[in-house]
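# Structure assessment
Below, each chain spelled out in residue letters.
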Amino acid sequence: MAVKSPDNGSNLAKKRILLGISGGIAAYKAPALVRLLRKADAEVQVVTTRSAEQFVTHAALQAVSGNPVRSDLWDSNAEAAMGHIELARWADAVLIAPATADVLARLAQGRADDLLTTLCLATRAPLLVAPAMNNVMWSHPATQHNVEILRSRGVVVLGPDDGEQACGEFGPGRMREPEDLVADLQSSRTFSSPTSAQADGLSGGERPLQGKRVVVTAGPTREALDPVRYVSNHSSGKQGFAVAAAARDAGADVVLIAGPVDLPTPIGVTRMDVTSALEMHQCAMGQATDCDLFVGVAAVADYRPASPQTQKIKKTRSQSSGWALELLENPDIIASVAAQPDPPVTVGFAAETQHTLENARSKCKRKRLDAIVVNDVSDTSIGFNSDLNAATLVWANGELALAKQSKADLAAELIHQITVLFVEQLADTHPESVSKQR
Ligand code: CTP
């Protein structure tokens, strides 16, 4: 990815970036990151944790940043000149790259046990973290929970990338490359002025869905055959939960209607658990009446067994001739929401295996949706249980490719695009409920 030069209008020009480096192998890339930030005309000060010093020297960081490097909270010489409070006030943004599992945990807990975590508590500047760790550590529920806490506080999480790791394993956990981190900073809204946010249609700046009600469905549904068996599908719920978290980050009040999944509830989101398509339909229709945006990410079972049994079905029932299962069609939840007299902005999801865009367009029209997000599930690297996704957002007059990225990043991009595309409908929906909350 190209790094914009200062004369190319870099929004990093003259910005004061405090780079925090924690102790992971990716710290060896930090000097390259500092150089690229300075090439984009940013000022850089570096703070390291003690363990970062095992991977990169202060001498190297000082040489490339042009400033002394700090790690000690108790450095009395430095405290007089540029202590944690001064550093915290100096920064226009704090970027921690790499951010280890330990530093993410300490930030989530609000600890202040070294210079880096202390100044993160003391600063009002935006905080961005670029996680880097072994893929099993990244996927661990403790780390995911910590990341969720940080996101709910507005911390921007950049990456991690997927691929070969220093430990020889493959998976998500690689720190994003320095070029990508600089491009992320340049394209993020961290430094964009309210005017530029408004120019792309965001009336609410960083929180364009402030005062709006968003309902998201997620996960599979289960259609009972008897008390021990059901018909279902492979949906993990990850993308739907990420959409709910992204809508929350955009300032919305979010209700997440979840089928049976094993995922933590995003902080600040109201979760309603359901099992079958009929339950999801009933719950969604109740919640959709005064909502502004409805996003149907759930993989709803199209059919349910016609006569679910209250007792376990015995094998002898079918004798030797097999068993033909009679199925009834389930209601189409999102189409019912879109068919209401005063519908919210309604966005569906479709997983297709062939004629992807063609099928998505006709589905969007048939269900009377404002837009649909379609992905090609024949690509197994972005399959049901993956942390990655790639998709195309399709609407009446256009389409936009959402590149392969983490489900959280794709959700954030999707919510951003929805707020831009449907800014007028969103402003018009239920103005009385919005003004009440303002
Ligand atoms: N959907 C729904 N209720 C259903 C089926 C689907 O709300 N009973 C929603 C999904 O949540 C998704 C969109 O409709 O937002 C598209 O889902 P998909 O399963 O692709 O649609 P189907 O109409 O079932 O199409 P297909 O014939 O491809 O299964």
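Described below are features of the structure shown in this document.

Basis of the calculations
- Residues numbered from 1 in each chain as written.
- Predicted model: local features only at pLDDT ≥ 70, side-chain atom pairs only at ≥ 80, totals over all residues.
- Heavy atoms only, no water.
- Helix = DSSP H or I, 4+ residues; strand = E, 2+ residues; numbered from the N terminus.
- Buried < 20%, exposed > 50% of the residue type's maximum accessible area, 1.4 Å probe, protein only.
- Near = heavy atom within 4 Å.
- Polar contact = N/O pair within 3.5 Å; in protein donor to acceptor, adjacent residues only side chain to side chain.
- Nonpolar A, V, L, I, M, F, W, Y, C, P; charged D, E, K, R; others polar.
- Axes fitted to C-alpha atoms, helices over the stretch in contact; angles between N-to-C directions.
- Parallel < 35°, antiparallel > 145°, perpendicular 65-115°, else oblique.
- Left-handed = near helix turned anticlockwise from the far one by under 90°.
- Contact = heavy atoms within 4.5 Å.
- Pairing = 2+ DSSP bridges.
- Core = buried A, V, L, I, M, F, W, Y, C linked by side-chain atoms within 4.5 Å.
- Expected span 1.5 Å × (residues − 1).
- Right-handed = clockwise from strand over helix to strand, strands pointing away.
- Patch = residues over 30% accessible without salt bridge, like charges linked within 9 Å, V, L, I, M, F, W, Y side chains within 5 Å.
- Areas by Shrake-Rupley, 256 points an atom, 1.4 Å probe, with all protein chains shown as cover.
- Salt bridge = Lys/Arg side-chain N within 4 Å of Asp/Glu carboxyl O.

Right, let's talk about the environment of Val228 for a bit. Counting through the fold element by element, Val228 comes out in the loop between strand 9 (223-226) and strand 10 (229-231). On the basis of relative accessibility, which here comes to 54%, the residue Val228 falls in the exposed class. Considering only alpha carbons, one finds Val228 and Gln311, 83 residues apart in sequence, at a separation of 8.8 Å.

For the rest of this paragraph, the subject is the site of the ligand. Taken together, the neighbourhood of the ligand is formed by 14 residues, with Gly296, Ala298, Ile334, Lys363 and Lys367 sitting nearest. For the ligand, an oxygen atom lies 2.6 Å from a polar atom in the backbone of Gly296. Here Ile333 contributes a backbone N or O atom positioned 3.0 Å from a nitrogen atom of the ligand. It is strand 16 (residues 345-352) that provides the largest number of residues to the shell around the ligand, a total of 3 residues. Split into classes, the residues belonging to the shell around the ligand amount to 7 nonpolar, 2 polar and 5 charged.

Turning our eyes to something else, we now look at the packing of helix 11 (residues 238-249) against helix 15 (residues 407-421). Orientation of helix 11 relative to helix 15, taken along the N-to-C sense of each, is 50°, at an axis distance of 8 Å. The orientation of helix 11 relative to helix 15 falls into the category oblique. For the pair helix 11 and helix 15, the sense of crossing is right-handed. Between helix 11, through Lys238, Gln239, Ala242, Val243, Ala246 and Ala247, and helix 15, the contact on the second element is made entirely by Lys407, Ala408, Leu410, Ala411, Ala412, Leu414 and Ile415.

Here the focus is the sheet that holds strand 2 (residues 43-48). Pairing within the open sheet is parallel, and its 5 strands lie in the order 2-1-3-4-5. Strands with a single pairing partner mark the edges of an open sheet, and in this sheet they are strand 2 and strand 5 (156-157). Note that strand 3 (residues 93-99) and strand 4 (residues 127-131) share 4 bridges and pair parallel. Along strand 4, the bridge assignment pairs Ala99 with Pro131. Sheet contacts for helix 6 (residues 115-122): strand 1 (16-21), strand 2, strand 3 and strand 4; angle to strand 3, the most-contacted strand, approximately 145°.

With respect to the helices, strands and loops of the structure, Val156 is situated in strand 5. The class of Val156 is partly exposed, set by a relative accessible area of 30%. As for Val156 and Val129, which are separated by 27 residues in sequence, their C-alpha atoms are 6.3 Å apart. Setting aside anything within four residues of it in sequence, one finds Val156 in contact with Leu127, Leu128 and Val129.

It is worth spelling out the nonpolar core at this point. Membership of the largest hydrophobic core comes to 36 residues, with the highest contact counts inside it found for Leu209, Val216, Val243 and Leu293. Those elements that provide at least two residues to this core are strand 8 (213-218), helix 11, strand 11 (253-258), strand 13 (293-296), strand 16, strand 17 (371-376), strand 18 (388-395) and helix 15. Considering each element in turn, this core owes the most residues, 6 residues, to helix 11. Core analysis: the next-biggest nonpolar cluster, separate from the first, contains 31 residues, Ala30, Leu37, Ala97 and Leu185 among them.

In this structure, Val69 sits in the loop between helix 2 (58-65) and helix 3 (76-82). Assessed through its relative accessible area of 11%, Val69 is described here as buried. Sequence-wise, Val69 and His58 are 11 residues apart; in three dimensions their C-alpha atoms are separated by 5.9 Å. Non-local contacts of Val69, meaning those with residues more than four positions away in its chain, are made with Val46, Thr48, His58, Leu61 and Gln62.

As a further point, take the sheet that holds strand 17. Ordered in space as 12-11-8-13-16-17-18-19, the 8 strands form an open sheet in which the pairing is mixed. Looking at which strands have only one partner, the edges of the open sheet turn out to be strand 12 (270-273) and strand 19 (398-406). This sheet shows a mean twist of 20° between the axes of neighbouring strands, independent of strand direction. Pairing of strand 8 with strand 11 involves 6 bridges; the strand directions are parallel. The partner of Val216 across the bridge, within strand 11, is Leu256.

Attention now moves to the pairing of strand 4. A large share of strand 4 lies buried, amounting to 5 of its 5 residues. Direction of pairing for strand 4 relative to strand 5: parallel, over a ladder of 2 bridges. Bridging across to strand 5, Leu128 finds its partner in Val156.

Let's shift gears to helix 8 (residues 141-152). Residues lying three or four places apart along an α-helix face the same way, a consequence of the helix completing one turn every 3.6 residues. Over its 12 residues, helix 8 runs 16 Å from end to end, which matches the ideal 16 Å to within 8%, given 1.5 Å per residue. Inspection of helix 8 places Thr143, Asn146, Val147, Glu148, Ile149, Leu150 and Arg151 among the buried residues, and these make up the whole buried set. Close packing links the buried residues of helix 8 with helix 5 (101-109), helix 7 (135-139), strand 5, helix 11 and helix 15. Two residues or fewer past helix 8, Gly154 is found with a positive phi of approximately 95°.

All right, on to the pairing of strand 1 then. Within strand 1, 5 of the 6 residues are buried, which leaves the element mostly enclosed by the surrounding structure. Of the strand pairs in this sheet, strand 1 and strand 2 are connected by 6 bridges, and their pairing is parallel. Looking at strand 2, one finds that Ile17 is bridged to Val44. Between the parallel pair strand 1 and strand 2, the chain is carried across by helix 1 (residues 30-39), and the sense of this crossover is right-handed.

A few words on a nonpolar patch on the surface. The grouping of Tyr303, Trp323, Leu325 and Leu327 at the surface amounts to a nonpolar patch, some 380 Å² of accessible area in total. The residue Leu325 is located in the loop between strand 14 (303-305) and strand 15 (327-329) in this model.

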